[in-house]
Amino acid sequence: MTAESILNLGEITTQNSYRCSKQRNLILDTLVESKKHLNAQELYELVRKKRPKISLGTVYRNLNLLQKLGLVNTIYHHGKKRYDGRLETHYHILCVNCDEMTDLEVDGLSDLGIQVDPKTRFRILENGLIFFGICPTCHIEL
Ligand SMILES: [Zn+2]
Ligand SMILES: [Zn+2]
């Protein structure tokens, strides 16, 4: 390999990682801006409006990476994995009618994780405490 081709290789790698980080930022920004709790498919639909050529696989890959980097939170419910761009500890309420998940501000619950952790032999990866209710939209419709 010549010095020149090594240089080119370096350039390609840089370009590639630049493109990757641009895609990653786009995915993260879209999630944060949506202020919603979306699964990969739903987020993909939103990202695709800005970048039509992006693939679902790219969104999945980047979401996994963002999760590993601690830049997104994950919420598991009924086998469905949702992503949340809001990182500080907070709780969620799920509408039992339309499946819409919303942040719920609850006083006095902020140290729940600290109370639970020593009593269990589980390592807590994320707080999965979800409240259930009927959202204002569905409440009006019912
Ligand atoms: Zn609803
Ligand atoms: Zn949230």
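Not measured: the values here are computed from a predicted model. (Residues numbered from 1 in each chain as written. Chains lettered and ligands numbered in written order. Predicted model: local features only at pLDDT ≥ 70, side-chain atom pairs only at ≥ 80, totals over all residues. Heavy atoms only, no water.)

This brings us to the overall build of the chain. In terms of regular secondary structure, the chain is built from five helices and five strands. Each of the 142 residues in the chain was classed as buried or not, and the buried ones make up 27%. In the chain, of all internal contacts separated by at least 6 residues, the share reaching a separation of at least 24 is 48%. Accessible surface for the chain amounts to roughly 10,100 Å². Of this, 56% is attributable to carbon and sulfur atoms. (Helix = DSSP H or I, 4+ residues; strand = E, 2+ residues; numbered from the N terminus. Buried < 20%, exposed > 50% of the residue type's maximum accessible area, 1.4 Å probe, protein only. Contact = heavy atoms within 4.5 Å. Areas by Shrake-Rupley, 256 points an atom, 1.4 Å probe, with all protein chains shown as cover.)

Glancing now at unusual backbone geometry. At Lys35, a residue that is not glycine, the phi angle is positive and equals roughly 55°. Of note, the phi angle at His78 is positive, near 50°, even though the residue is not glycine. Take His78: its relative accessible area is 76%, and that puts it in the exposed class.

Sheet analysis places strand β3 (residues 91-95) next to strand β4 (residues 101-104), joined by four bridges and oriented antiparallel. Bridge pairing links His92 to Asp103 in β4. (Pairing = 2+ DSSP bridges.)

With that out of the way, let us pick up the nonpolar core. By size, the foremost hydrophobic cluster in this structure holds 15 residues, and its most contacted members are Ile27, Leu43 and Leu63. Contributing elements (two or more residues each) for this core: α1 (3-34), α2 (40-50) and α3 (56-68). With residues up to four places along the chain from it excluded, the contact list for Ile27 reads Leu43, Val47, Ile54, Thr58, Val59, Asn62, Leu63 and Leu66. (Core = buried A, V, L, I, M, F, W, Y, C linked by side-chain atoms within 4.5 Å.)

Quick look at a nonpolar patch on the surface now. Taken together, the side chains of Leu65, Leu69 and Leu71 present a nonpolar region at the surface, about 240 Å² in accessible area. For Leu65, a relative accessible area of 35% gives the class partly exposed. (Patch = residues over 30% accessible without salt bridge, like charges linked within 9 Å, V, L, I, M, F, W, Y side chains within 5 Å. Salt bridge = Lys/Arg side-chain N within 4 Å of Asp/Glu carboxyl O.)

Here the structure, examined in full by the defined rule, presents seven salt bridges. Put simply, Arg48 and Glu45 hold a salt bridge, and the shortest N to O gap is 3.3 Å. In this pair, Arg48 and Glu45 are both assigned in helix α2, three residues apart and thus about one turn of the helix distant. Measuring nitrogen to oxygen at the nearest pair gives 3.3 Å for the salt bridge that ties Arg86 to Glu105. Remark: Glu105 occurs in the loop between β4 and α4 (112-116) and Arg86 occurs in the loop between β2 (80-84) and β3; sequence separation between them is 19 residues. Accessibility expressed as a relative area gives 24% for Arg86, which makes it partly exposed.

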